Structures are given as structure tokens and as C-alpha cells.
Amino acid sequence: MKKNNIILIGMPASGKSTVGVILAKILGYNFVDADIVIQEKENRKLSEIIEQEGVDGFIDIENRINAGIEVEKTVISTGGSAVYGKEAMDHYKNIGKIVYLKVDMDILTKRLKNAKQRGVVMKDGQSLVSLYNERSVLYEKYADVTIEEGNKTIEEVIADLLAAL
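Let us look at the structure shown here. None of these values were measured; they are calculated from a predicted model. (Residues numbered from 1 in each chain as written. Predicted model: local features only at pLDDT ≥ 70, side-chain atom pairs only at ≥ 80, totals over all residues. Heavy atoms only, no water.)

**Overview of the sheet that holds strand S3 (residues 74–77)**
And then number 1: Reading across from one edge, S2-S3-S1-S4-S5 is the order of the 5 strands in this open sheet, with parallel pairing throughout. The two strands at the open ends of the sheet, each matched to only one other strand, are strand S2 (30–33) and strand S5 (145–148). With direction set aside, neighbouring strand axes in the sheet form an average angle of 20 degrees.
And then number 2: Sheet topology note: the strand S1 (residues 5–9)/strand S4 (residues 96–102) ladder contains 5 bridges and is parallel. Its bridge partner being in S4, Asn5 is matched across the sheet by Gly96.
And then number 3: Sheet strands touched by helix H4 (residues 86–95): S1, S3 and S4. Its angle to S4, the strand with the most contacts, is close to 115 degrees.
And then number 4: Packed on one face of the sheet, helix H8 (residues 154–164) meets S1, S4 and S5 and runs near 155 degrees to S5. (Pairing = 2+ DSSP bridges. Helix = DSSP H or I, 4+ residues; strand = E, 2+ residues; numbered from the N terminus. Axes fitted to C-alpha atoms, helices over the stretch in contact; angles between N-to-C directions. Contact = heavy atoms within 4.5 Å.)

Here it is, written out as C-alpha cells:
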């Protein structure tokens, strides 16, 4: 297996899917949305999996499915919670370059009006700020490249990403 994939990680609403599709077109790569792969393999929506299996059960399923994604020359957009799966992240490290799309908390709050409705994996009573702080450490741990989004346009984010690859 060649290490020629690009794996996008980051908080929900950081633009992983949007950036991923455009980046794949520019590079002539395929595009895979890991959340859609999970839904297809489980034959149910992410929200149903979380509802039926709980947060920990969902993370186990997500980890197993992400760890089994075998592709080449592909941009992979992961779910925001993918970094909780050690096997999945080790697998991604082995098959490509991991890019963290970093969004500031204030911008994220504007983009994520209703985290639960969006299907964000959060423990009961957990705030978006505590989730952000918990995950940021993991995103930074696994990232080969970090792209600071700030107030940049999608085009500027992609230009920064291409320059960093």
C-alpha cells in the first residue's frame, strides 16, 4: 500500500468535506467521505448509530470502519470524532498524510449552530468548548500538516494546503 492519500481531520464544520472534494479534483484524486462509508456499511444514519449504540459504541464502529478503508490516490474526509480511534489513526498515518484543518472556536460557534442536529459526537452535557479542547490535542497529535483557517476563503485554505504538501 502506497502512502499517497491525504486524510483531512478537524472539528465538524471545519470544511473537511468541502475542501476534500475540491482538493481531489485539483489533484486528480478520488474522494471518500468516511462518514458516508460508515452509513453504507452499517446501513443506518450516523444519528441512528449514536442513538442505538451510544457515543462509545459509535466510536468503536467508526474506528473499525476507518481502519479498514483501503484506497490509493484519495482524499479522505473523516468525521470529527475519528481521532478517538487509535487503530484508525495509525492506519491513516500508514496510508497517507494527515492534514488538520484548524478552525478558531469563535468561527466554529458561528458555523455550528446546532451541534446535536449536525450529528456531532458529544457526551451528554458536554459543551462545544470542552469538546473542542478535548479534540484539539488529538488533532495536533496526529497531524502531519496543520492548516490554520482563520478568516480565509476556501480557495485560500486549499492554496495553503497545496503549498504544505
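On we go.
**Things to note about the pairing of S4**
And then number 1: S4 sits mainly inside the fold: 6 of its 7 residues count as buried.
And then number 2: Inspection of the sheet shows S4 paired to S5 by 4 bridges, in the parallel sense. Across the sheet, residue Val99 finds its bridge partner in S5, namely Val145. (Buried < 20%, exposed > 50% of the residue type's maximum accessible area, 1.4 Å probe, protein only.)

**Brief notes about the nonpolar core**
And then number 1: Among the nonpolar cores identified, the biggest contains 40 residues, and Ile9, Phe58, Ile76, Tyr92 and Leu108 are the most heavily contacted of them.
And then number 2: Those elements that provide at least two residues to this core are S1, helix H2 (34–42), helix H3 (46–67), H4, S4, helix H5 (105–111) and helix H7 (128–142).
And then number 3: It is H3 that contributes the most residues to this core, 8 residues altogether.
And then number 4: If we ignore the near neighbours within four places in the chain, the residues touching Phe58 are Ile38, Leu46, Ile49, Ile50, Glu53, Ser81 and Val121.
And then number 5: Among the nonpolar cores identified, the runner-up in size contains 13 residues, and Ala24, Val145, Ile158 and Leu161 belong to it. (Core = buried A, V, L, I, M, F, W, Y, C linked by side-chain atoms within 4.5 Å.)

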